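One-letter residues, chain by chain:
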Amino acid sequence: MKKNKIAPSILSADFANLPKQIRELEKGGADWIHLDVMDGHFVPNITFGPPFIASLRKLTKLPFDAHLMISNADAYLGKFVEAGCNVITVHAEACPHLYRTIQTIKKYGVKAGVTLNPATPVAMIEEVLTEVDLALVMTVEPGFGGQEFIENQLLKIATISEILQYHNPECELEVDGGVTENNIAEIVDAGATVLVAGNSIFGRKNITQAVKNLKKIANT
């Protein structure tokens, strides 16, 4: 049976202590490292890009899960692959030729993901769900960490899960935004298989134990 994955979001980390914190994530059994890439245009914040990710790549062998919250993602896909990303997820709202973008990512030899904002209906990505390796449901508005989980997104998670079960059962269903020890069980029950967590890991004194706790609940 496939184990549910925990993907800590570096956005909430202490950048001055990343080597130490990544080691703590690894000790806790983190499965992926989630990279929230923001451009200040598609979302109202700026984070980091390929050079930062390339430096981070030297610190760990964990898979890099890049969530591109950027306009014109097509122009930068190759750079994110070169930086060491293993999964690249793009927003349906930012990619006018979504099918082509997904195929381009796959041609680079990495996994392709698609995501949508909380107010965007499932129909916006339904036509490409058979083509992707990962579907990501945003359960907060993209752009900032530390937001509360939007409860009505549970129905969206369940809807996408049902579609994937019939048409692309190997596809991961990822959830990003407000994931905590208190709600991770119901998120998994709705169908999620990859859980992104930021503050609920890096906001704790013991990062290693925080990862272990989330992973235990997600797989109980």
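In case you missed it, the structure is sitting above this.
A.B. asks: It is not clear to me how the sheet that holds strand β6 (residues 134–138) should be interpreted in this structure. Could you clarify?
C.D. replies: Hydrogen bonding along the main chain pairs the strands of a sheet, whether they run parallel or antiparallel. Here 8 strands make up an open sheet; going across it, the order is β1-β8-β7-β6-β5-β4-β3-β2 and the pairing parallel. Two strands bound the open sheet, and with one partner strand each, they are β1 (5–8) and β2 (33–38). Each neighbouring strand pair of the sheet contributes to a mean axis angle of 25°, computed without reference to strand direction. Looking at chain direction, strand β7 (residues 172–176) and strand β8 (residues 194–197) are connected through 3 bridges and run parallel. Bridge pairing links E174 to V194 in β8. Helix α4 (residues 98–107) contacts β4 (87–91) and β5 (111–116) of the sheet and is inclined by roughly 150° relative to β5.

A.B. asks: Before we go on, may I ask you to explain the nonpolar core in this structure?
C.D. replies: Most often, soluble globular proteins keep nonpolar side chains buried together rather than apart. Judged by nonpolar contacts, the single largest core of 65 residues is most densely connected at L68, I160 and L195. Examining the composition of this core, we find that 5 residues originate from one element, helix α6 (residues 153–167), more than from any other. Excluding residues within four positions of it along the chain, L68 makes contact with V37, A73, L77, F80, I88, T89, V90 and H91. One finds A7, W32, L134 and V194 within the second-largest nonpolar core, a separate group that totals 9 residues.

A.B. asks: I tried to follow the packing of helix α1 (residues 18–28) against helix α9 (residues 207–218) on my own but got confused; where do I start?
C.D. replies: Packed helices, taken two at a time, are described by their axes: the angle between them and the distance between them. Two numbers describe how α1 lies on α9: the axes approach to 7 Å, and their chain directions differ by 35°. Crossing of α1 against α9: the hand is right-handed. Along its contact with α1, which presents Q21, E24, L25, K27 and G28, the element α9 presents I207, T208, V211 and K212. Residue composition of the contact of α1 with α9, grouped by class: 3 nonpolar, 3 polar and 3 charged.

A.B. asks: In this structure, what is going on with the pattern of salt bridges? I would like to understand it.
C.D. replies: Scanning the entire structure with this criterion turns up 4 salt bridges. E24 serves as the salt-bridge partner of K20, at 2.6 Å between the closest nitrogen and oxygen. Taken as a pair, K20 and E24 lie in helix α1 at a separation of 4 residues, close to a single helical turn. Look at K20 and you get partly exposed, because its relative accessible area is 45%. Residue K215 is joined to D31 by a salt bridge in which the shortest nitrogen-to-oxygen separation is 3.1 Å. Of this pair, K215 sits in helix α9 while D31 sits in the loop between α1 and β2, and the two are 184 residues apart along the sequence. The class of K215 is partly exposed, set by a relative accessible area of 23%.

A.B. asks: Could you clarify how one ought to interpret the packing of aromatic side chains in this entry?
C.D. replies: Ring pairs (aromatic) are described by centroid distance and by the angle formed between their planes. A full pass over the atoms with the stated rule returns 3 aromatic pairs. With 6.2 Å between their ring centres and 50° between their planes, F15 and F48 make a pair best called tilted. With F15 in the loop between β1 and α1 and F48 in the loop between β2 and α2 (50–57), the pair connects residues that are 33 residues apart, well separated along the chain. You can call F15 partly exposed: its relative accessible area is 40%. One aromatic cluster in this structure is built from F15, F48 and F52. Positioned over the ring face of F64 is R57, at 3.7 Å from the centre of the ring.

A.B. asks: Quick question: what am I supposed to make of the environment of S12 here?
C.D. replies: Looking at where S12 falls in the secondary structure, it is placed in the loop between β1 and α1. When the C-alpha positions of S12 and M138 are compared, they lie 16 Å apart, and in sequence the two are 126 residues distant. Residues in contact with S12, not counting those within four places in the same chain, are G198, N199 and F202.

Conventions we followed
Residues numbered from 1 in each chain as written. Predicted model: local features only at pLDDT ≥ 70, side-chain atom pairs only at ≥ 80, totals over all residues. Heavy atoms only, no water. Pairing = 2+ DSSP bridges. Helix = DSSP H or I, 4+ residues; strand = E, 2+ residues; numbered from the N terminus. Axes fitted to C-alpha atoms, helices over the stretch in contact; angles between N-to-C directions. Contact = heavy atoms within 4.5 Å. Core = buried A, V, L, I, M, F, W, Y, C linked by side-chain atoms within 4.5 Å. Buried < 20%, exposed > 50% of the residue type's maximum accessible area, 1.4 Å probe, protein only. Left-handed = near helix turned anticlockwise from the far one by under 90°. Nonpolar A, V, L, I, M, F, W, Y, C, P; charged D, E, K, R; others polar. Salt bridge = Lys/Arg side-chain N within 4 Å of Asp/Glu carboxyl O. Phe/Tyr/Trp six-rings, centres within 6.5 Å; stacked < 30°, edge-to-face > 60°. Lys NZ or Arg CZ within 6 Å of the ring centre and 35° of its normal.

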